[in-house]
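# Per-entry structural report
The chain contents come next:
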Amino acid sequence: KNEVEQSPQNLTAQEGEFITINCSYSVGISALHWLQQHPGGGIVSLFMLSSGKKKHGRLIATINIQEKHSSLHITASHPRDSAVYICAVHGNQFYFGTGTSLTVIP
Amino acid sequence: SAVISQKPSRDICQRGTSLTIQCQVDSQVTMMFWYRQQPGQSLTLIATANQGSEATYESGFVIDKFPISRPNLTFSTLTVSNMSPEDSSIYLCSAGSNYGYTFGSGTRLTVV
């Protein structure tokens, strides 16, 4: 059993659509990260959350500690948002989800 | 949060050679980690880089293959030794403390 489960695994959206990626975890954590991995492999840290909600531009991340669940939302999606989005949680070590591959079609 | 500079961002190497990847953090951090992402798989922890002592390796990873240095609280290196095509992966470092962690941008390694 994976400590971190993401859904969906793959997602295709039309430009402008509102997108939600979900992450559930089974371990106690001190923080949750959302990472963006570009097709070339480069990784960008989008958010680090320990509670509540954070917003950066068109990206919003929420976390519910009691339910052990986090969501990453992208508003007004754009083709440049096409990437793999990875959820990572930090408990006694880091655990990573398998990623959600997002393709935004113009 | 700390900012990490990871180098190189990518490399193509001949089998049998070694590559050293560096991570430089802009502030002192308690913990540094090294990860590997093989094609089509999720990130996997290789080892915890300990300052002033030997790294702590996860099951399946050994020091002879992945020697790690951490001479101070802001810098660490991971070497991939005697490379084979199976070592083609993305290697990623992360660093931080109880106040938060950040990630390097990754090193895409291709072994030919």
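Across residues other than glycine, the phi torsion is negative in most instances, and most of the peptide bonds are trans. In this structure, the amide linkage connecting A:Ser7 to the following residue, A:Pro8, adopts the cis form with an omega of -10°. Along the chain, A:Pro8 falls in the loop between strand S1 (4-7) and strand S2 (10-14). The step from B:Lys7 to B:Pro8 runs through a cis peptide bond, and the omega angle for that step is -5°. With respect to the helices and strands, B:Pro8 occurs in the loop between strand S1 (4-7) and strand S2 (10-13).

With that settled, the discussion passes to the pairing of strand S7 (residues 59-64) of chain A. All names here are of chain A. Sheet topology places strand S6 (residues 52-56) next to S7; five bridges connect them, and they run antiparallel. The partner of His56 across the bridge, within S7, is Leu59. What sits between S6 and S7 in their antiparallel hairpin is a turn of two residues, with Gly57 showing a positive phi close to 65°. In the sheet, S7 pairs with strand S8 (residues 69-74) via six bridges, with the strands oriented antiparallel. Note that in S8 the partner of Leu59 across the bridge is Ile74. In sequence, S7 turns back onto S8 through a hairpin of four residues, with Lys68 there showing a positive phi of about 55°.

Moving on to the interface of chain B and chain A. Taken together, the contact between chain B and chain A spans 19 residues of the former and 17 residues of the latter. Carbon and sulfur atoms supply 64% of the area that chain B and chain A bury against each other, a total of about 1400 Å² over both sides. If you sort the residues of chain B by the area they bury against chain A, B:Leu43, B:Tyr101 and B:Phe103 come out on top, with a joint share of 37%. If you look at where chain B meets chain A, you find zero salt bridges. At the boundary of chain B and chain A, one finds two residue pairs in polar contact (both at pLDDT 80 or more). Broken down by secondary-structure element, the contributors of at least two residues to the side of chain B that touches chain A are strand S4 (31-37), strand S9 (89-97) and strand S10 (100-103) of chain B. Residue composition of the side of chain B that touches chain A, grouped by class: nine nonpolar, seven polar and three charged.

Take the nonpolar core next. With 26 residues, the main nonpolar core has B:Trp34, B:Ile46, B:Phe66, B:Ile68, B:Leu78, B:Tyr91 and B:Leu109 as its most contacted residues. Elements that contribute at least two residues to this core include exactly strand S3 (19-25), S4, strand S5 (44-49), strand S8 (75-80), S9 and strand S11 (107-111) of chain B. Take this core: its biggest share by element is four residues, from S3(B). Not counting chain neighbours up to four residues away, the residues in contact with B:Leu78 comprise B:Leu19, B:Thr20, B:Ile21, B:Trp34, B:Ile46, B:Phe66, B:Pro67, B:Ile68 and B:Tyr91. In this structure, A:Val4, A:Leu72, A:Val89 and A:Val104 belong to the second largest nonpolar core, which totals 23 residues.

Each value, and the rule that gives it
Residues numbered from 1 in each chain as written. Chains lettered and ligands numbered in written order. Predicted model: local features only at pLDDT ≥ 70, side-chain atom pairs only at ≥ 80, totals over all residues. Heavy atoms only, no water. Helix = DSSP H or I, 4+ residues; strand = E, 2+ residues; numbered from the N terminus. Pairing = 2+ DSSP bridges. Contact = heavy atoms within 4.5 Å. Buried area = accessible area lost by both parts, 1.4 Å probe. Salt bridge = Lys/Arg side-chain N within 4 Å of Asp/Glu carboxyl O. Polar contact = N/O pair within 3.5 Å; in protein donor to acceptor, adjacent residues only side chain to side chain. Nonpolar A, V, L, I, M, F, W, Y, C, P; charged D, E, K, R; others polar. Core = buried A, V, L, I, M, F, W, Y, C linked by side-chain atoms within 4.5 Å. Buried < 20%, exposed > 50% of the residue type's maximum accessible area, 1.4 Å probe, protein only.

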